[in-house]
Structures are given as structure tokens and as C-alpha cells.
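# Remarks on the overall topology
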Amino acid sequence: RILATDSNESQPAVDPYDYYKHLRDQAPVSRMEADGPWQVSRHADVHAVLRDNETFSSDVSIRPPEERDGPSMLFSDPPVHNRLRKLVSRAFKPSHIERQRELIGIRCDELIAEMKQSAEVDLVSALAAPLPVTVIATMLGVQDGDILAFKRWSDAIFSNIGDILFAEASPAAVAAGEEMNAYFLTRIAELRKNPKDHLLGRLVETETDEGHLDDQELLSFCRLLLIAGNETTTGLITASVRVFDEFPETISQLHANPELIPTFVEEALRFYSPFSATVRRASKDVELAGTKIAKGELVIPLMASANRDDRVFENPETFVIDRAPNPHLAFGFGIHFCLGAHLARLEGEIAVRALVREFSEIQLVEDDHSQMSALGGPSELMVRLKQRSSPG
């Protein structure tokens, strides 16, 4: 899910998963800092927060409504959320997402062919970022020449999302937002006159009893897809490669038995969740795990912690390639369950399949995991590649 605040920002400089275990065992619901948000670490409690959208509201921004960029499906409650989700879901049917399979495969193969030219590459800039950017840009009708700008907007907005919600957005984020809005308003106007069969085109045309999406709602969706569609897959691919480095036998297992790729992806989502947390605001006084939370206070459900909870997962610190069942919360839960989950899984499976086909070893160049728990994964990840003598 989209992360609205960095759950590790004020925490000690230790392995975040060690810290999460400490929280689950000693302080399952606790303040992040004096008078700060409440962090929730156990699976059952995170699940309860995500499930109960009436008590734990997603309308968390403290900025006045007139300063916001229109309604957001991520940070709104019913009925606004329901209307937006109903309209958007029609354009996000699995059948529409499956249409992207060939494009994803072709683009993935192109990127990996370029990776094979070097023994060491930055995985993020070589594969994990450009693959989802290409796919989302295509779905939104972004022209090839505009894809670099598209990625620049995504990085500027995503890296400032906490300030956008709770403080003052940086000049770079403001400029990126204005550029992106102008770009998509022009595209939307063109689509109203000349419909196209891509995701944004279908959204412009979609109509239900509640009517069409207006320009501000369409812009909100473009921002949502820009962030969720790019950063979720980027985090999943970097997490998968971190698993390859930490558990090198998994590459051999997947090469010998590609049918394990779907469960590998699910376990990667659990083991190194692309987003460590999300944010809610208590709509009334409530008690959670014996702790009283006052109306209006922020609550941070730590999905990454929940996904390592030994109350739910047997041997949670072990990567189990065929783990089943696997009730992880990497994509959230409830009415805000990640709309792009099917797309992220599809891109992740295709990328993992291609990496395993072409490389027998993938190792991190530096044993520095400091960025691994950042929003959406690291901004850079140098890896060392060993090609197979005979791919396939």
C-alpha cells in the first residue's frame, strides 16, 4: 500500500525487523515519540486497523480542503472513496491488466539484455524503476518521449508525500505536481474528444449511476497510479533480489521449478514488504490491544512488522519459498486493499522469471541495507551479476 509516513524515521538505527520484533513482544501499540503517532506492530491489530475504516479513517491530511489536489481514493473515506473505487475498478479489471502481459515481457527482456552488458549494475535504474514506469505510462497514454518526465514527477511527488499530507510540500514536489496536472489535463481533454483504448481512456468514458469522473478526480487517479503503480513494483523487484542475495539457493530452486515463482513473489512481499506502513486517524476514542487512543490521533499500522509476526507465521524470519497459506498484509486490507496488486504481482512474476532465466547468481555489491525499509525500497541498489552459460 501507499505509505504516507516513514515508520522508521524516529526509530533507533538498528535493523528495523529487530525493532519490529521488540515492538510486537514488548510494546505492540506504542508512541513513535512523545505525543507522536501510535505505531501498531502485531498482525491481528494491524489487520483490525486496516479492516475498520469507520474507526480508523483514511482522511488523514491536516491541510485545509482548499489546499488539497482534489479527492484521493487513498486518503478518503466512504462515500467519496466508494464512488472513486467503483469507477476506477471497472478500468482495472484483471482482464484489462492481463493485456499488459506481452508489453511487460518485452520491456523486461529489453532491460535485462542491457543489464547483461555489465557485471555490476544499479538494479533500480536498470530494471526495477523503468519496467513499471513503462507499463504505467502506456496504461495512461503517456507518449514515449514523455516517460523520463513521468518518472521525474513520480520521484518528486513520492519522496515528499509525508510533507504533502502533513506539512509544506517542497518546491520540487509542487513544481512536479503542477507539470503533471497540466500534462494530464491536456491528455484528458484530448480523450474526451477522441477516445482511446487504454486505462485513462476507459476511465474518461466510464459512467455509472453516480456519473463520470471529473477532471480533478481523473487527475487524482493519475497521481495514484503514478505512485502506486511505479513504487510498489520497484519495491517488489528490489525485495526479490535482496532475497536472491540472502538466500542464493532460491535462484536454483526457481530455475529448476518455475512453478514456484508465484509463491516466491508472495513470500518476498511478506518477507520484505515494499511499504513498511500506512497511516490512519482515529475518528473516535478507541482501545486497541489494551491501549487507549484518543479521537484525532494518528495511527501507523506497521505492515512489515505484521508480516513477521510469529503469532501468525511459522518461522517468520525464514524465507519459505512455497509458504502456504500466506496471509501477509503487504497490499493492505479492507476497502483500501491495493487496487494495483494484480499488476504488481504480474510484473514481479515476469521480472523474477527473466532474472532467474538469465542469471545464476545475483549478489548485493555492498552489505548495506539502510535503505531497504525506505518507502518503496531503496533509490539505488548495486548488484553483481553472474550469467548462466546457457540461459533457459
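A brief structural summary. In this text, all values refer to a predicted model and were calculated from it rather than measured experimentally.

## Observations concerning the pairing of strand β10 (residues 382–387)
The pairing of strand β4 (residues 120–122) with β10 spans 3 bridges and is antiparallel. Within β10, the position partnered with D122 by the bridge is M382. Bridging between strand β9 (residues 359–364) and β10 involves 5 bridges; their strand directions are antiparallel. Its bridge partner lying in β10, E361 is registered against K386.

## Section: the sheet that holds strand β2 (residues 38–40)
If you walk across this open sheet you meet the 5 strands as β1-β2-β8-β5-β3, and the pairing is mixed. The sheet terminates laterally at β1 (29–31) and β3 (56–57), the two strands that pair on one side only. Pairing analysis gives 3 bridges linking β1 to β2, with the strands arranged antiparallel. Among the inter-strand pairings, S30 is bridged to a residue of β2, identified as Q39. Each of β1, β2, β3, β5 (280–282) and β8 (298–301) touches helix α2 (residues 43–51); the most contacted strand, β8, lies at about 125° to it.

## Some details on the environment of R51
The topology assignment puts R51 in helix α2. Owing to a relative accessible area of 46%, R51 belongs among the partly exposed residues under this scheme. Taking C-alpha positions, R51 is 8.8 Å from H336, a pair spaced 285 residues apart along the chain.

## Points about the packing of helix α13 (residues 249–256) against helix α16 (residues 341–358)
At a minimum axis separation of 9 Å, α13 and α16 run at an interaxial angle of 100°. Classified by the angle their axes make, α13 and α16 are roughly perpendicular. Where α13 approaches α16, its residues I251, L254 and H255 are matched on the opposing element by V352, V356 and R357. Taken together, the residues of the contact of α13 with α16 break down into 4 nonpolar, 1 polar and 1 charged.

## Some details on helix α7 (residues 130–139)
For α7, the buried fraction is high: 9 of the 10 residues fall into the buried class. Along α7, the positions that sit buried rather than exposed are P130, L131, P132, V133, T134, V135, I136, A137 and M139. Phi turns positive, to about 75°, at G141, one or two residues after α7.

## Overview of the pattern of salt bridges
Close approach of charged atoms lets side chains of opposite charge pair. Taken as a whole and judged by the stated rule, the model has 20 salt bridges. D109 serves as the salt-bridge partner of R357, at 3.0 Å between the closest nitrogen and oxygen. With R357 in helix α16 and D109 in helix α5 (residues 101–115), this pair connects stretches of sequence that are 248 residues apart. In this structure, R270 and E267 form a salt bridge, with 2.9 Å as the shortest nitrogen-oxygen distance. Note that R270 and E267 are positioned in helix α14 (residues 261–271) at a spacing of 3 residues, about one turn of the helix. When its relative accessible area of 0% is taken as the criterion, R270 is described as buried. Taken together, the shared-partner salt bridges in this structure form one network comprising K21, D25, D309, D310 and R311.

## As for the sheet that holds β4
Taken together, the 3 strands give an open sheet; going across it, the order is β4-β10-β9, and neighbouring strands pair in antiparallel fashion. At either end of the open sheet lies a strand with only one pairing partner, and these are β4 and β9. The average undirected angle you get between the axes of adjacent strands in this sheet is 30°. Those strands touched by α16 are β9 and β10, and its axis lies near 110° from that of β9.

Conventions used here
- Residues numbered from 1 in each chain as written.
- Predicted model: local features only at pLDDT ≥ 70, side-chain atom pairs only at ≥ 80, totals over all residues.
- Heavy atoms only, no water.
- Pairing = 2+ DSSP bridges.
- Helix = DSSP H or I, 4+ residues; strand = E, 2+ residues; numbered from the N terminus.
- Contact = heavy atoms within 4.5 Å.
- Axes fitted to C-alpha atoms, helices over the stretch in contact; angles between N-to-C directions.
- Buried < 20%, exposed > 50% of the residue type's maximum accessible area, 1.4 Å probe, protein only.
- Parallel < 35°, antiparallel > 145°, perpendicular 65-115°, else oblique.
- Nonpolar A, V, L, I, M, F, W, Y, C, P; charged D, E, K, R; others polar.
- Salt bridge = Lys/Arg side-chain N within 4 Å of Asp/Glu carboxyl O.

No statement about biological role is implied by the geometric values presented.
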